[in-house]
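As a plain string of letters, each chain reads:
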Amino acid sequence: MKREEMMGRNTQNRKSILLTGCAGFIGSNFILYFLEKYSEYHIVNLDLLTYAGNLGNLNEIEDHDRYTFVNGDICDRELVESIFETHDIRGVIHFAAESHVDNSIKNPGVFIETNINGTFTLVDVAYKKWMNKPFEYKNGYELCRFHHISTDEVYGTLGDKGLFTEKTPYAPNSPYAASKAGSDMIIRSYYHTYGLNTIITNCSNNYGPRQHDEKLIPTIIRKALRNEKIPIYGDGKNIRDWLYVDDHCTGIDLAYHKGRIGEVYNIGGRNERDNNYIANKICEILDKLSPKDSGDSYIDQITFVEDRAGHDRRYAIDATKIEDELGWKAEENFESGIEKTIKWYLDKYNSIMDMS
Ligand SMILES: NC(=O)c1ccc[n+]([C@@H]2O[C@H](COP(=O)([O-])OP(=O)(O)OC[C@H]3O[C@@H](n4cnc5c(N)ncnc54)[C@H](O)[C@@H]3O)[C@@H](O)[C@H]2O)c1
């Protein structure tokens, strides 16, 4: 069993839920939001601290009395069982994953291991801990729910028109998308075969504070500030439906607490933008917030580089189901969210540059 840092105190009367992968981007934003909003939960965060995990994202809650961090692997069945046992886990929100498409092209094996086998381990332990047999929950465990966080990339690519709905057939194109599609299917099967209380949310591209440097938006900001070339794949016309991370968090919260058992909800901000627009918009805002001494625009640094292999052209989500059924709505549009995001990264990268 791996090292376990026990930081929770006085948690006996609270309901413990297991959140995985919360040293990463979305999980860290979610856990800060969730701890603040709900006083009835003790949160156990299981994270392997891969290159993508950063405990610095969670500095402000490291001593919180309703928070326990466990450093370990979701594929480690013995560890997962011991967490369920020790904390009497009553719910799971599963973020942990290998998440970067480019890495999945270079090294797909770890995506299959973490995203598929890891998800299987978690859901299978949950089933055995919460249920006696198919469709029969143990006494007192009837409300336990397993929420799987997934992506719109499972649906493949769109042409110029159309949107992904929950009924769109799966057609994953990258090893990352295929591994997430596989994990979704495992969760689906635990609902249909065993009657486990599951929810899947498939979300579009997120952006906001605490995202790993490797991703598109932090890369554009960092390269701009360092006066380096800003690399944009292919012709820059690939379109994604961008969602500010806080809006994803409120969608997960609603789906976890109010979603119908066994259902899938797509979450997306109706903010389709292509990469050229994103790079130009960020440069324009940086010109305003952090103008170069020379007076030149950051836009001059944008450079087109060889396209990503198998690069999907367009993703866009139809979020009608979560909007109509659960009353979710994105608060930010891309233009408001990106300004907040840039300010956060300006603080981060300027303080790093000040130190070097
Ligand atoms: N970022 C997006 O735009 C986006 C969009 C839709 C869905 N998602 C999904 O949301 C989830 C979180 O994405 P993110 O962008 O925050 O990812 P991230 O890469 O920033 O964080 C992943 C976290 O998982 C941890 N982890 C990796 N392997 C692990 C393992 N074997 N055991 C335990 N922990 C492990 C890492 O240490 C890291 O803290 C993922 O499931 C991803 O597929 C992401």
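This report concerns the structure included in the present document.

Reading the values: rules and limits
Residues numbered from 1 in each chain as written. Predicted model: local features only at pLDDT ≥ 70, side-chain atom pairs only at ≥ 80, totals over all residues. Heavy atoms only, no water. Near = heavy atom within 4 Å. Polar contact = N/O pair within 3.5 Å; in protein donor to acceptor, adjacent residues only side chain to side chain. Areas by Shrake-Rupley, 256 points an atom, 1.4 Å probe, with all protein chains shown as cover. Core = buried A, V, L, I, M, F, W, Y, C linked by side-chain atoms within 4.5 Å. Buried < 20%, exposed > 50% of the residue type's maximum accessible area, 1.4 Å probe, protein only. Helix = DSSP H or I, 4+ residues; strand = E, 2+ residues; numbered from the N terminus. Contact = heavy atoms within 4.5 Å. 1 Å grid on protein atoms, 1.4 Å probe; cavity = no way out; pocket = protein on both sides within 12 Å on 5 of 7 lines; lining within 4 Å. Points joined across faces, edges and corners; volume = space filled by probe spheres on them. Nonpolar A, V, L, I, M, F, W, Y, C, P; charged D, E, K, R; others polar. Expected span 1.5 Å × (residues − 1). Phe/Tyr/Trp six-rings, centres within 6.5 Å; stacked < 30°, edge-to-face > 60°. Lys NZ or Arg CZ within 6 Å of the ring centre and 35° of its normal.

Near the ligand you find 28 residues, and of these I26, D47, S99, Y176 and K180 are the closest. Contact between the ligand and L48: a nitrogen atom at 3.0 Å from a main-chain N or O atom of the residue. Between N206 and the ligand, the recorded distance is 2.8 Å, taken from a backbone N or O atom to an oxygen atom. Burial of the ligand by the protein amounts to 97% of the accessible area it has alone, namely 840 Å².

We now examine the nonpolar core. By size, the foremost hydrophobic cluster in this structure holds 30 residues, and its most contacted members are L18, F84, W130, F146 and L196. Among the secondary structure elements, those contributing two or more residues to this core are strand 3 (41-47), helix 2 (77-87), strand 5 (89-94), helix 4 (109-130) and helix 5 (175-194). Considering each element in turn, this core owes the most residues, seven residues, to helix 4. Apart from residues no more than four positions distant in its own chain, L18 is found in contact with V44, L46, I83, F84, I89, G91, V92, I93 and L122.

Right, let's get into the layout of surface pockets. Where empty space is left in the structure can be found by rolling a water-sized probe over the atoms. The computed volume of the second largest pocket comes to approximately 270 Å³. Considering the residues around the second largest pocket, the lining is formed by 18 residues, among which E166, Y170, R188, I200 and V264 are closest to the centre. Secondary-structure elements contributing two or more residues to the lining of the second largest pocket are helix 5 and strand 9 (198-203). Counting residues per element, the lining of the second largest pocket draws most heavily on helix 5, at six residues. Across the lining of the second largest pocket, the residue classes tally to eight nonpolar, four polar and six charged.

Taking 1.5 Å of rise per residue, 15 residues should cover 21 Å, and helix 8 (residues 275-289) covers 21 Å from first to last C-alpha, within 8% of that figure. All buried positions along helix 8 are accounted for by N275, N276, I278, A279, K281, I282, C283, I285 and L286. At the N-terminal end of helix 8, a side-chain oxygen is found 3.2 Å from the backbone nitrogen of N276, two or three residues along, and the residue is D274.

Let us look at the packing of aromatic side chains. Considering all chains together, one arrives at 20 aromatic pairs under this definition. With 4.9 Å between their ring centres and 55° between their planes, F34 and Y38 make a pair best called tilted. In this pair, the class of F34 matches that of Y38, namely buried. Seen from their ring centres, Y207 and Y244 are 5.6 Å apart, and the 65° between their planes marks the pair as edge-to-face. On the criterion of sequence distance, the pair formed by Y207 in strand 10 (residues 206-207) and Y244 in strand 13 (residues 243-244) is long-range, its members being 37 residues apart. Like Y207, the residue Y244 is buried in the burial classification. Through pairs of rings, three or more aromatic residues link up here, namely F30, Y33, F34, Y38, Y41 and F95. The ring of Y141 is capped by R90, whose NZ or CZ atom sits 4.0 Å from the centre of that ring. Over the aromatic face of Y315 sits the side chain of R240, whose NZ or CZ is 3.9 Å from the ring centroid.

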